[in-house]
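# Structural overview
Listed here are the chains, written in short residue letters.
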Amino acid sequence: MDFQNLLNIIYKDCKSASTEGKVANYIPELAKINPNKFGMALITKDESLYSVGDSAEAFSIQSIVKVISLCIAKEYLGKDLWKRVSVEPSGTPFNSLTELERENGIPRNPFINAGALVVTDVLIDILEHPKQDFLKFVRRLTKDNSINYNAEVAKSEQKHGYRNTALINYMKALGNINNSPVEVLDLYYHMCAIEMNCEQLAKTFLVFANQGRLANSDEEVISAKSVKRINAIMQTCGFYDEAGEFAYKVGLPGKSGVGGGIVAVHPNAYSVAVWSPKLNQKGNSQLGISALESLTTLSGLSVF
Ligand code: GLN
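In this numbering scheme, every chain counts its residues from 1 along its sequence in written order. Predicted model: local features are reported for residues with pLDDT of at least 70 only, side-chain atom pairs are reported and counted for 80 or more only, and whole-chain, interface and lining totals are derived from all residues.

For the protein chain, an unreviewed UniProt entry supplies the name Glutaminase and the organism Psychroflexus salarius. UniProt positions are given in the numbering used here, feature names are shortened, and annotations may be inferred rather than shown by experiment. Taken from UniProt, the Sequence similarities (unreviewed entry) comment for the protein chain reads in full: "Belongs to the glutaminase family." Under the Catalytic activity (unreviewed entry) heading, UniProt states for the protein chain: "L-glutamine + H2O = L-glutamate + NH4(+)".

Here you go:
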């Protein structure tokens, strides 16, 4: 498969496409990003890397990080984690409050904000130095020690994060948060504010295409059993109330973030990251989805 040629074709199409999407502005620091950026990178299981456009420019990975935090919590707690967060698609926006009351403070899945806050609470319980240890784990996956938090983005979200404050206080009241809400939110905002470029993001997620092992190594960083399950959750819940549409159009497990990034994996084959900051109404990158749809359609390489 000539992946470079495919990426070049997709890049050309996306650059000339007109989009109505809008950059996320509820985190003021993210509103400053040039909406016309577009980058894409694909890495195969043998670590051959293909990229195009602004693929070396870092952006805020935002909700994409929820997949990595889930891995750590799942490895430590095993199936006990599912007593505190379910694995059902929510059919609601990422920051929705409504389901929580019906579900007695147990979020529908780990990728909506409520679920990710529970997972973050678990990380505070199990990691000795949560911020440092989390970053260390991410750097191990990426094989890149330059990955870091962007403190300005974290601060900017903290200042305006009234919905997340509401979610966590409600779950605290119902007994599903162990630590102080302020401490959990601080770690959550920092994790969301990790920056990566498309190449780093594709490399980080290669572990999900490689049964939990780092590429070209036998080192199992996440158990193969967890990887199978986390890929399933990406497939069913990775795009909130657009998860069905993403599965229909793209046909890969994946995860989006309001920074405009999307990462998707083809188990045992490749991992691909795309970045275009303009979001559709569901909070997912509009051109990012089209680019991935073209990739799997033109290559014939989806899980279906
Ligand atoms: N940090 C963002 C929030 O909590 C993440 C949301 C997202 O990327 N969908 O709202």
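Right, let's talk about the overall build of the protein chain for a bit. Here a helix means four or more residues in a row that DSSP labels H or I, a strand means two or more in a row labelled E, and each is numbered from the N terminus. A count of helical and extended segments in the protein chain gives 13 helices and eight strands. Radius of gyration means the value over C-alpha atoms here, while the globule rule gives 2.2 Å times the residue count to the 0.38 power. The C-alpha atoms of the protein chain give 18 Å as radius of gyration, which agrees with the globular expectation for 304 residues (19 Å, within 12%). Along the first, second and third principal axes, the C-alpha atoms of the protein chain reach 55 × 45 × 35 Å. With C-beta atoms placed from the backbone, a residue is labelled by how many other C-beta atoms lie within 10 Å of its own: buried for 20 or more, exposed for 12 or fewer, partly exposed between the two. Looking at the protein chain as a whole, 49% of its 304 residues are labelled buried. C-beta atoms are first placed from the backbone for all residues, and any pair lying within 7 Å is then listed as a contact. If you take every contact in the protein chain between residues at least 6 apart in sequence, the share linking residues at least 24 apart comes to 68%.

In regions of low pLDDT, the predicted coordinates are not meant to be interpreted in detail. pLDDT is a residue-level measure of predictor confidence that goes from 0 to 100. Here the protein chain averages 96 in pLDDT, while 100% of its residues score no lower than 70. Reported confidences for the modelled complex are a pTM of 0.97 and an ipTM of 0.97.

Turning to the UniProt feature "binding site: substrate" (unreviewed entry) in the protein chain, a few remarks are in order. The residues that UniProt annotates with the feature "binding site: substrate" (unreviewed entry) are S63, N113, E157, N164, Y188, Y240 and V258. Considering the arrangement of structural elements, one finds S63 in the loop between strand 3 (59-60) and helix 3 (65-77). Here S63 is in contact with F94, F111, C192, K255, S256, G257 and V258, once residues within four sequence places are set aside. The residue Y240 is located in the loop between helix 11 (224-237) and helix 12 (243-249) in this model. The residues touching Y240, leaving out its near neighbours within four places in the chain, are S90, T92, P93, F94, I112, K282 and G283.

On to unusual backbone geometry, then. Its identity is not glycine, yet N216 carries a phi of approximately 55 degrees, on the positive side. Its place among the elements puts N216 in the loop between helix 10 (198-205) and helix 11. Here N216 falls in the exposed class, since 11 other C-beta atoms lie within 10 Å of it. The backbone of Y240 shows a phi angle near 55 degrees, a positive value even though the residue is not glycine. Given 24 C-beta atoms within a 10 Å radius, Y240 is considered buried.

A separate point is the packing of helix 5 (residues 113-126) against helix 9 (residues 181-192). All axes here are fitted lines through C-alpha atoms, helices being fitted over the stretch that makes contact, and every angle between N-to-C directions spans 0 to 180 degrees. Across the interface, helix 5 lies against helix 9 with an axial gap of 9 Å and an inter-helix angle of 105 degrees. When the axes of helix 5 and helix 9 are compared, the pair comes out roughly perpendicular. Contact residues: helix 5 offers A116, L117, T120, D121, L123 and I124, while helix 9 offers E183, V184, L187, Y188 and M191. All amino acids are sorted into three groups, where Ala, Val, Leu, Ile, Met, Phe, Trp, Tyr, Cys and Pro are nonpolar, Asp, Glu, Lys and Arg are charged, and the leftover types, Gly among them, are polar. Of the residues belonging to the contact of helix 5 with helix 9, the class tally is eight nonpolar, one polar and two charged. An angle below 35 degrees is treated as roughly parallel, one above 145 as roughly antiparallel, one from 65 to 115 as roughly perpendicular, and anything else as oblique.

Turning our attention to the pairing of strand 1 (residues 39-44). Taken across its six residues, strand 1 has five buried, putting it largely inside the fold. Only strands joined by at least two bridges in the DSSP assignment are considered to pair. Examined bridge by bridge, strand 1 and strand 2 (residues 49-53) share five bridges and lie antiparallel to one another. Across the sheet, A41 pairs through a bridge with S51, a residue of strand 2. Here strand 1 folds back onto strand 2 in antiparallel fashion, the turn holding four residues, of which E47 has a positive phi close to 70 degrees. In this structure, strand 1 lies alongside strand 8 (residues 270-275), joined through six bridges in antiparallel fashion. Considered in strand 8, the bridge of M40 is made with V274.

In this section: the sheet that holds strand 3. Strand order in the open sheet formed by three strands is 3-5-4, and the pairing between neighbours is antiparallel. On the outer flanks of this sheet lie strand 3 and strand 4 (148-149), each paired with one strand and no other. Taken together, the two bridges between strand 4 and strand 5 (residues 194-196) define a ladder with antiparallel strand orientation. The residue bridging N148 from the neighbouring strand is E195, located in strand 5.

A few words now on the packing of helix 1 (residues 3-16) against helix 13 (residues 286-299). Axis separation between helix 1 and helix 13 bottoms out at 10 Å; the angle between their running directions is 140 degrees. Seen from above, helix 1 lies across helix 13 with right-handed handedness. Where helix 1 approaches helix 13, its residues L6, I10, D13 and C14 are matched on the opposing element by L287, S290, A291, S294, L295, L298 and S299. Split into classes, the residues belonging to the contact of helix 1 with helix 13 amount to seven nonpolar, three polar and one charged. The sense of a crossing depends on the near helix, which, turned anticlockwise from the far helix by less than a right angle, makes the crossing left-handed and, turned clockwise, makes it right-handed.

With twelve residues, helix 9 should reach 16 Å at 1.5 Å per residue; the first-to-last C-alpha distance of 16 Å fits that figure. The set of residues buried in helix 9 consists of V184, L185, L187, Y188, Y189, H190, M191 and C192. To estimate the expected span of a helix, subtract one from its residue number and multiply by 1.5 Å.

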